[in-house]
Amino acid sequence: MVIPAVMPSYARADIAFERGEGAWLYATDGRRFLDFASGIAVTALGHNHPHLVRTLTEQAGKLWHCSNLFHIPDQERLAERLVADSFADTVFFANSGAEATEGGMKLIRRYHDATGNPDRYRIVAFEGSFHGRTLAGISAGANKAHQAGFGPLVDAFDHVAFGNLNEVRDAIGPETAAILVEPVQGEGGIRPADPAFLRGLREACDEYGLLLFFDEVQTGAGRTGRPFAYEWSGIAPDVMALAKGLGGGFPVAAVLATEKAAQGIGPGSHGSTFGGNPLAMAVANAVLDVMLEDGFLANVRVQGEALQRRVGALVAAAPKVADAVRGLGLLVGIHCVAPAGEAVAALRAEGLLTVPAADNVVRLLPPLVIGEAELDAACGMIESAFAKLSS
Ligand SMILES: *Cc1c(COP(=O)(O)O)cnc(C)c1O
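As the structure is a prediction and not an experimental result, all values here were calculated from the model.

### A short note on the sheet that holds strand 2 (residues 24–27)
Adjacent strands of a sheet form backbone hydrogen bonds with each other and so pair up, either parallel or antiparallel. Read across the sheet, four strands follow the order 1-2-3-15 without closing on themselves; strand pairing throughout is mixed. Either end of the sheet is taken by a strand with one partner, and the two such strands are strand 1 (17–21) and strand 15 (352–353). Direction of pairing for strand 3 (residues 32–35) relative to strand 15: parallel, over a ladder of two bridges. When the sheet's bridge partners are listed, Asp 35 is paired in strand 15 with Leu 353. On top of the sheet, helix 12 (residues 372–390) reaches strand 2, strand 3 and strand 15; it is set at about 110 degrees to strand 3, its chief contact.

### So, the pairing of strand 12 (residues 253–257)
By the criterion of burial, strand 12 is predominantly enclosed, with five of the five residues buried. The side-chain alternation of strand 12 yields two buried faces, one formed by Ala 253, Val 255 and Ala 257 and the other by Ala 254 and Leu 256. Pairing geometry for strand 4 (residues 90–94) and strand 12, over five bridges, is antiparallel. Residue pairing for strand 12: Phe 92 is matched across the bridge by Val 255. The pairing of strand 11 (residues 239–242) with strand 12 spans four bridges and is classified as antiparallel. Residue pairing in the sheet places Val 239 in a bridge with Ala 257 of strand 12.

### Comments concerning the site of the ligand
The immediate surroundings of the ligand are formed by Ser 96, Gly 97, Ala 98, Phe 130, His 131, Gly 132, Glu 182, Asp 215, Val 217, Gln 218 and Lys 244. Taking Phe 130, its main chain carries an N or O atom lying 3.4 Å from a nitrogen atom of the ligand. Take Gln 218: an N or O atom from its side chain is 2.8 Å from an oxygen atom of the ligand. For the ligand, whose free accessible area comes to 380 Å², the fraction covered by protein is 82%.

### Considering helix 2 (residues 50–60)
Among all positions in helix 2, only Leu 52, Thr 55 and Gln 59 are buried. Mapping the buried residues of helix 2 onto a view down its axis gives an arc of 70 degrees, with all of them on the same face. Seen from the buried face of helix 2, the exposed residues on the opposite side, beyond 90 degrees, are Pro 50 and Thr 57. Tucked inside the fold, the buried residues of helix 2 contact helix 3 (73–84) and helix 9 (278–291).

### Digging into the sheet that holds strand 17 (residues 361–364)
Taken in spatial order, the four strands of this open sheet run 13-14-17-16, and their pairing is antiparallel. Looking at which strands have only one partner, the edges of the open sheet turn out to be strand 13 (322–328) and strand 16 (355–357). Looking at each pair of strands side by side, their axes are set apart by 30 degrees on average, direction ignored. Bridge analysis of strand 16 against strand 17 gives three bridges, and the strand direction is antiparallel. Each residue of the ladder has a partner; that of Val 355, found in strand 17, is Arg 363. Strands strand 14 (331–336), strand 16 and strand 17 of the sheet are contacted by helix 11 (residues 340–350), whose axis makes an angle of about 40 degrees with strand 17.

### Considering the pattern of salt bridges
All told, the structure shown has twelve salt bridges when counted by the stated rule. In this structure, the salt-bridge partner of Asp 206 is Arg 202, at a minimum N-O distance of 2.8 Å. Here Asp 206 and its partner Arg 202 are both found in helix 8 (residues 195–208), four residues apart, which amounts to about one turn of the helix. When its relative accessible area of 12% is taken as the criterion, Arg 202 is described as buried. When the shortest N-O distance is used, the salt bridge between Arg 310 and Asp 376 registers 2.7 Å. Residue Arg 310 is found in helix 10 (residues 296–316), and its partner Asp 376 is found in helix 12; the two are separated by 66 residues along the sequence.

Thresholds, definitions, all that
Residues numbered from 1 in each chain as written. Predicted model: local features only at pLDDT ≥ 70, side-chain atom pairs only at ≥ 80, totals over all residues. Heavy atoms only, no water. Pairing = 2+ DSSP bridges. Helix = DSSP H or I, 4+ residues; strand = E, 2+ residues; numbered from the N terminus. Contact = heavy atoms within 4.5 Å. Axes fitted to C-alpha atoms, helices over the stretch in contact; angles between N-to-C directions. Buried < 20%, exposed > 50% of the residue type's maximum accessible area, 1.4 Å probe, protein only. Near = heavy atom within 4 Å. Polar contact = N/O pair within 3.5 Å; in protein donor to acceptor, adjacent residues only side chain to side chain. Areas by Shrake-Rupley, 256 points an atom, 1.4 Å probe, with all protein chains shown as cover. Arc of directions from axis to C-beta. Salt bridge = Lys/Arg side-chain N within 4 Å of Asp/Glu carboxyl O.

Shown next as structure tokens:
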């Protein structure tokens, strides 16, 4: 057999980790890395956070799983907390970002069906977007590499340029059901939407009777310095997908919706075996315990501004390597001139883990608990990697 036992769908760096502590990861070969990847914006509280470890181990000794055939008190508690802290009235729990995004799409179809418009099923989505790897997800995302060889795609998406309201309005027709947008495109290269553009989407949705669907799988759960990134825009969506940071490393996702948007959902209409199980719910509640503490999100905003400012200065001093820094909170992208993959490798050689994105961008996604010491260490590594790449 030449195929590896693990199906070869990833290009992996030659490192394996055995333990983590806060923002640091320790490899099996003894090397130590500063983790500004966070498992791709997932380990929001860093590694081995005592409150998460305690909660998970306590719950592990009580009950792991029982299915949604029964009440799950921690699920009700988490839903109530998410509702209290957001635009939403109701929450469905899933296990991954792709499932949450797809769940939102299904809810949108059900809404139009329930309100007498079953012919409305198409969704306006954006070039450069990413919505997960299910068939509907790769059809909604506009990444040709993700779609190649997987056709026929789900024919339900109309793609327009990110940020162009005229194109959005032109794409709306009698079959349009919703607009799907990431408030900051993550995989697409950390491209923040102009708040005025997001407000324009809200207006278009209200004018044409569409639902506004925010994919906050990467931007939600505190990453941008607010509980959810939509809060920066002054408007709210009707539907929102959450995942990545919500479980701090435990797989958990959620579809949030207003009562109006969720009116088509009743018993039997949608489901998940694992979604919202007691183990996931205990951990996600514990993540919220920490994230909603006074000062937590303020620290994300402070560290995010400092990171962008300091990396901006390093970029200005290394014009052969990079030419711009952009982002929101601790969702930060360095737009590279040199190949971003080479920059990621050079940073890793200095001991800093980052994530490449489209548009030749290096993503900096530190845990949300970093302070000045981690920022100093990261900036030192970036400076020295940039110096080597410049020479
Ligand atoms: C990561 C991501 C997804 C997919 O999440 P999975 O958990 O990998 O399925 C969907 N949308 C956005 C915006 C993401 O960043």
